[in-house]
Structure formats: structure tokens, C-alpha cells
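Coordinate analysis (summary)
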Amino acid sequence: MELDLTRHVAAGPDTVWAELTDIPEAHRTLSGVLAVEILTSGPYQPGLRWRETRKMFGMKATEEMMVLAVEPPHSTTIVAESGGTEYKTVFTITPDADGGSTLRMRFGAHTAHAPAVSRVVMSVMGRFAEKSTRRTMEQDLADIAAEAERRAG
């Protein structure tokens, strides 16, 4: 599964970056996140790890996330692995001529190392999972935009 979503934000890249990388407060900003547990101390940088609990498909799901790459305030890559599925999310922030920003999220889920039964389930449930994931990611972008715009005044 691959998703590529964009959202205009009426705030500059630095403000969007600050919101996007404020992992300890993600449960307050992102309506789909129920809790965040920081696993490593320190600033937002490669190696930062946390557990994020969301409500997905009517159930609570907790995944361990890790920052893989950072180029402030332009891009970051976050990775996770669960049940043989590897998840990778790349966020990019580009300035717009109007003083705002474009926030782009590219998300991929790959089950190459998953057990055969998981690959079969993913192929059957793929469309449903993609629609649900798309809605979740669109809501995340909307939540980030709203908070960045609120901060920008």
C-alpha cells in the first residue's frame, strides 16, 4: 500500500515543523492518537523512539515508531514494524508563495517479510485498509494544519 497526500497550511515551514515534530504532545494534536509513550530521551532526531496508541478498526492498537531521518524544517522519515509489515512515512514541508506551506505525507506499508497468511489477509483486506488508512492520514494532516495555523495566529 502506498499513499501520497498533501495539505496546504496557512503557516510557515518552521511552525509546521514544530507541530509535526512535537511527539510528546501528539496525543493532544492528533485526534486519532490516544496516548504517546516516549522510549528514548532527547530531541527530535534520528533514533528517537516512541509508542503511539491509536484507535484503528474499532480497536486500540499500539505501535513502536522511530525517527529514521531528519532535515529540519524540510523533511523527516518515520518507520515502524508490526507483524512482519514495515511502515515508512516521509513528511516534507515546502514553503508556498503566500507565506504558508505545503505539508506532504508519503506512506508505505510493505509485507514482504510477513507470514504467508498475513500477505493473504492484506491482499483481501487491502482496499478496506487503504481507505481507512487514507482517512486516518488525511485527518492527521488536517489536525497538524489546524494546530500550526492556531500557533501562527
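Just above, that's the structure.
In this report, we go over the structure that sits alongside the text. (Residues numbered from 1 in each chain as written. Predicted model: local features only at pLDDT ≥ 70, side-chain atom pairs only at ≥ 80, totals over all residues. Heavy atoms only, no water.)

**Some remarks on the overall build of the chain**
On a plain count of helices and strands, the chain comes out with 3 helices and 7 strands. The helix and strand sequence of the chain, counted from the amino end, reads β-α-α-β-β-β-β-β-β-α. Restricting the contact set of the chain to residue pairs at least 6 apart, pairs at least 24 apart contribute 50%. Surface exposure of the chain reaches about 8600 Å², of which carbon and sulfur atoms provide 54%. (Helix = DSSP H or I, 4+ residues; strand = E, 2+ residues; numbered from the N terminus. Contact = heavy atoms within 4.5 Å. Areas by Shrake-Rupley, 256 points an atom, 1.4 Å probe, with all protein chains shown as cover.)

**Here's the deal with the pattern of salt bridges**
Per the counting criterion, the structure on display carries 10 salt bridges. For the salt bridge of Glu-37 with Arg-51, the shortest nitrogen-to-oxygen distance reads 3.1 Å. In this pair, Glu-37 sits in strand S2 (residues 33-38) while Arg-51 sits in strand S3 (residues 49-56), placing the two residues 14 residues apart along the sequence. Relative accessible area serves as the criterion here: at 33%, Arg-51 is assigned to the partly exposed category. Here Arg-150 makes a salt bridge to Glu-147, at a shortest N to O gap of 2.5 Å. Of the two residues, Arg-150 and Glu-147 both sit in helix H3 (residues 116-152), 3 residues apart, roughly one turn of that helix. Given the relative accessible area of 56%, Arg-150 is considered exposed. Judged by its relative accessible area of 19%, Glu-147 is buried. What you see here is one network of salt bridges that share partners, running through Glu-19, Asp-22, Glu-147, Arg-150 and Arg-151. (Salt bridge = Lys/Arg side-chain N within 4 Å of Asp/Glu carboxyl O. Buried < 20%, exposed > 50% of the residue type's maximum accessible area, 1.4 Å probe, protein only.)

**Observations regarding helix H1 (residues 13-20)**
Those residues of H1 lying buried are Pro-13, Val-16, Trp-17, Glu-19 and Leu-20. Angularly, the buried residues of H1 cover 165 degrees about the axis, an arc narrow enough to put them on a single face. (Arc of directions from axis to C-beta.)

**Section: unusual backbone geometry**
In this chain, Pro-72 is followed by Pro-73 through a cis amide linkage whose omega measures -15 degrees. Positionally, Pro-73 belongs in the loop between strand S4 (59-71) and strand S5 (75-82).

**Structural notes on the side chain of Thr-89**
The topology assignment puts Thr-89 in strand S6 (residues 85-95). With sequence-adjacent residues up to four places away left out, Thr-89 is seen in contact with Thr-76, Thr-77, Ile-78, Met-105, Arg-106 and Phe-107.

**Description of the environment of Ala-109**
Assignment of secondary structure puts Ala-109 in strand S7 (residues 101-110). Overall, the relative accessible area of 7% leaves Ala-109 in the buried class. Among all residues touching Ala-109, those that are not within four sequence positions of it are Met-1, Thr-85, Glu-86 and Tyr-87.

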